[in-house]
Amino acid sequence: MKYSGLRPLSDGICSFCIDGRPLGGDSSKTVGPRIGAVECPGVLHQLLMPLVTMLQTQRAGPLSAKQSVCRIIRESMVVVRAATEQAVQQQTSISPTQFLRPHLLQLAPYTPIEPFEILSAKYGRRPQDIVKLDANENPYGPPPEVREALANMPFPHIYPDPETRRLRKALAEWNDIPMEHLLVGCGADELIDLLMRCTLDPGDSIVDCPPTFTMYCFDADVNAAKVVTVPRLPGFRTDVQGVRRAVEQHSPKIVFLTSPNNPDGSVINDTDLLQILDLPVLVVLDEAYIEFATDQPSRIKWVQQYNNLVVLRTFSKCAALAGMRVGYGAFPLGMIEYLWRAKQPYNVSVAAEVSFQG
């Protein structure tokens, strides 16, 4: 008697056939001759097929059906046991963290604010009764036109324009700057990270001027960059000479300046900014709160003149659209071409675009 085959009937089920005669099981339900159905673990299911072939070629002489099946099962279980032990040993020697970039193992997580739902449950108050002051969000919400525009979005089921052309055209008209200089992101935070990913190699440095927006340091840590700290002077004025020394000593790629600064609201004057622009470093001017500065206009048009200047803006503050996550930046033309190549294609949602146009 010889083995004429073993077929998988379904996941975890094997069918045995000896001498082409069905042995055991319900022959009325068989598809071709077999010895019933045998449930087995997935690994055994895979091992039985080559084992049958091996027994066919290596064993001579008749075997009873019972001996055949018992021998297959017995020898399969030996192989399964060995394979299982080996798999367990391999798994215990693998750590998920070994696949991560080493510097991320020491990364301190960013501490975000808590949303209304969490605060409501925590303090037992209705969300409508809570005024949040921890993230500089507008407590009154966007204008009615924005809500109406969002309620009438024509194509929420279609991917957004990857180049945000309508939005960039409107922003260009609003800021009196060619739209070719503008790039829109999922909040200015995305543009900060995109800029770092495109400019910083591991070990490169940035200059940070605390107290200020903490995302600069966080994104630098994510990108394995070093942070050179130049604290602000009394009155929160930028220490221009300190920045100059930092650039000379550490050769950073980027200096981050925030005007008006978060959290104090101080504004960098033209003289200080021009001195820093004279240094061999990329200057990122974050103007998230510029609409609230009564004595200082935006420098967004300066990017047409200075090849080492980037200006960032956001709708989170002035337009009360923090939840929409939409910001934009003005970049030198020689740089923005490569940022376009690296950015995510559908990074700004249809709702974010509609909210501004509303």
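Here the structure is a predicted model, which means the values were calculated and not measured. (Residues numbered from 1 in each chain as written. Predicted model: local features only at pLDDT ≥ 70, side-chain atom pairs only at ≥ 80, totals over all residues. Heavy atoms only, no water.)

(A) Focus on helix α8 (residues 240-250). Of the residues making up α8, those classed as buried are V240, G242, V243, A246 and V247. In an axial view of α8, the angular spread of the buried residues amounts to 160°, which keeps them on one side of the axis. For α8, exposure combined with an orientation more than 90 degrees from the buried face picks out E248 and Q249. Buried-residue contacts for α8 involve β5 (205-208), β6 (226-229), β7 (254-258) and α9 (270-277). Phi for S251, located one or two positions after α8, is positive at around 50°. (Buried < 20%, exposed > 50% of the residue type's maximum accessible area, 1.4 Å probe, protein only. Helix = DSSP H or I, 4+ residues; strand = E, 2+ residues; numbered from the N terminus. Arc of directions from axis to C-beta. Contact = heavy atoms within 4.5 Å.)

(B) Quick peek at the environment of H181. Relative to the helices and strands, H181 resides in the loop between α5 (165-175) and β4 (182-185). A residue is classified by how much of its surface remains accessible, and H181, at 6% relative accessible area, is buried. In contact with H181, not counting residues within four places along its chain, are V303, Q304, G329, A330, F331, P332, L333 and I336.

(C) Spotlight on the packing of aromatic side chains. A complete count under the given rule lists 6 aromatic pairs for this structure. The interplanar angle of 15° and the centroid separation of 4.6 Å between the aromatic rings of Y216 and F256 together place this pair among those described as stacked. Here Y216 is found in helix α7 (residues 215-222), whereas its partner F256 is found in strand β7, with 40 residues between them in sequence. Take Y216 and F256: they sit in the same class, and that class is buried. Aromatic ring contacts, followed pair by pair, group F213, Y216 and F256 into a single cluster. (Phe/Tyr/Trp six-rings, centres within 6.5 Å; stacked < 30°, edge-to-face > 60°.)

(D) Up close: the packing of helix α6 (residues 187-199) against α7. Contact pair α6 / α7: the axes reach a minimum separation of 10 Å and the direction vectors enclose 40°. Relative to α7, the element α6 lies oblique. The interaxial crossing formed by α6 with α7 has right-handed handedness. In this structure, α6 contributes D189, I192, D193 and M196 to the contact, and α7 contributes M215, Y216, D219 and A220. Class assignment of the residues belonging to the contact of α6 with α7 gives a composition of 5 nonpolar, no polar and 3 charged. (Axes fitted to C-alpha atoms, helices over the stretch in contact; angles between N-to-C directions. Parallel < 35°, antiparallel > 145°, perpendicular 65-115°, else oblique. Left-handed = near helix turned anticlockwise from the far one by under 90°. Nonpolar A, V, L, I, M, F, W, Y, C, P; charged D, E, K, R; others polar.)

(E) Focus on the nonpolar core. Grouped together as the largest cluster of nonpolar side chains are 37 residues, with contacts concentrated most on L182, V243, V255, L257, I276, V283 and L309. When residues of this core are traced back to their parent elements, those giving at least two are α5, β4, α8, β7, α9, β8 (282-286), β9 (309-314) and β10 (327-330). Broken down by element, the residue count for this core peaks at 4 residues, all from α8. Apart from residues lying up to four places away in sequence, L182 is in contact with R168, L171, A172, I177, I300, Y328, G329, A330, I336 and W340. In terms of nonpolar packing, the next biggest core, distinct from the first, is built from 23 residues, L194, A225, L282 and L339 among them. (Core = buried A, V, L, I, M, F, W, Y, C linked by side-chain atoms within 4.5 Å.)

(F) Quick peek at the sheet that holds β9. With mixed pairing, 7 strands are arranged side by side in an open sheet as β4-β10-β9-β8-β7-β5-β6. Each having just a single partner strand, β4 and β6 make up the two edges of the open sheet. Neighbour to neighbour, the strand axes of the sheet diverge by 25° on average, direction disregarded. Here 4 bridges tie β4 to β10, and the two strands are oriented antiparallel to one another. Each residue of the ladder has a partner; that of L182, found in β10, is A330. Across the face of the sheet, α5 comes into contact with β4, β9 and β10 while running at roughly 125° to β4. Where α6 meets the sheet, it contacts β4, β5, β7, β8, β9 and β10, and its direction lies at approximately 115° from that of β4. (Pairing = 2+ DSSP bridges.)

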